[in-house]
Amino acid sequence: MIAGLIGRKAGMTQVFSENGAAVPVTVLEAGPCVVLEVKTREKHGYEAAQLGLLENKSVTKPQEGHAKKHGASPARIVREFAYDTKPEPGEKVTVEIFKDMKYVDVSGTSKGRGFASVIKRWGFKGGPKSHGSMFHRAPGSIGGSSFPSRVWRGMKMGGRYGNKRATAQNLEVIKVDPEKNLLLVRGAVPGHRKGYVFICRAVKKHA
């Protein structure tokens, strides 16, 4: 069995548990994916299955040639996942692989918020808001002139916020819908709606 799948974030909603409690969930369009290539320890030094997300979108000539070489359908989004049993190139992988999993890790690209100051980026409190104050949203001292006479490496300052790879770990699997290729997980996942995500078996809660 392959340990993960490529998908897209559809959005958030809520479902109700058996005792009537509202559970916030994220709806993920997981797959279907196709196995493009199988990496083996003898040839590549590690074991992994290279998956491609099947979409109704154009692909480049190199992507098409790579898939044709291994007898599979071409795909735009490609990702490698570990496997327990060796799959075959061209094999189709669906959301059903998560039926026996209780927890998953979801990776994606967080929302990009452009340039942000220290208050939004790092949660600084800021200075007094009263009349006459000239210290509203400034970061304060970033380094003394006599010592250290420079700015320490790693100083929290304004800069680009978001648009980085992020992973939400140990998300509980609430529901698997094979007919619609949907996976419902408890809580939020990184990224915006329709953004690509990579869903894999939870590392920290995997027996």
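Look above for the structure.
Reference entry: report on the structure contained in this document. (Residues numbered from 1 in each chain as written. Predicted model: local features only at pLDDT ≥ 70, side-chain atom pairs only at ≥ 80, totals over all residues. Heavy atoms only, no water.)

### A few points about a positive patch on the surface
A surface patch of like charges, here positive, comprises Lys-57, Lys-111, Arg-113, Lys-120, Arg-193 and Lys-194. You can call Arg-193 exposed: its relative accessible area is 62%. (Patch = residues over 30% accessible without salt bridge, like charges linked within 9 Å, V, L, I, M, F, W, Y side chains within 5 Å. Areas by Shrake-Rupley, 256 points an atom, 1.4 Å probe, with all protein chains shown as cover. Salt bridge = Lys/Arg side-chain N within 4 Å of Asp/Glu carboxyl O. Lys, Arg positive; Asp, Glu negative; His and termini not counted. Charge placed at Lys NZ, Arg CZ, Asp CG, Glu CD. Buried < 20%, exposed > 50% of the residue type's maximum accessible area, 1.4 Å probe, protein only.)

### Here's the deal with the sheet that holds strand β5 (residues 78-81)
With respect to topology, 4 strands assemble into an open sheet ordered β5-β4-β3-β6, the strand pairing being antiparallel. For this open sheet the edge positions go to β5 and β6 (92-93), each flanked by a neighbour on one side alone. When strand β4 (residues 48-53) meets β5, the two strands line up antiparallel, connected through 4 bridges. What sits directly across from Gln-50, in β5, is Glu-80. (Pairing = 2+ DSSP bridges. Helix = DSSP H or I, 4+ residues; strand = E, 2+ residues; numbered from the N terminus.)

### Quick word on the pattern of salt bridges
Applying the stated criterion across every chain yields a total of 4 salt bridges. One salt bridge connects Arg-76 with Glu-55, and the closest N-O pair in it is separated by 3.6 Å. Residue Arg-76 is located in the loop between α2 (61-69) and β5, and its partner Glu-55 is located in the loop between β4 and α2; the two are separated by 21 residues in the primary sequence. Overall, Arg-76 belongs to the partly exposed group, its relative accessible area being 34%. On the basis of relative accessibility, which here comes to 22%, the residue Glu-55 falls in the partly exposed class. For the salt bridge of Arg-201 with Asp-84, the shortest nitrogen-to-oxygen distance reads 3.1 Å. In this pair, Arg-201 sits in strand β12 (residues 196-201) while Asp-84 sits in the loop between β5 and β6, placing the two residues 117 residues apart along the sequence. The exposure class of Arg-201 is buried, given its relative accessible area of 17%. Each of Arg-8, Glu-55 and Arg-76 takes part in a single network of salt bridges with overlapping partners.

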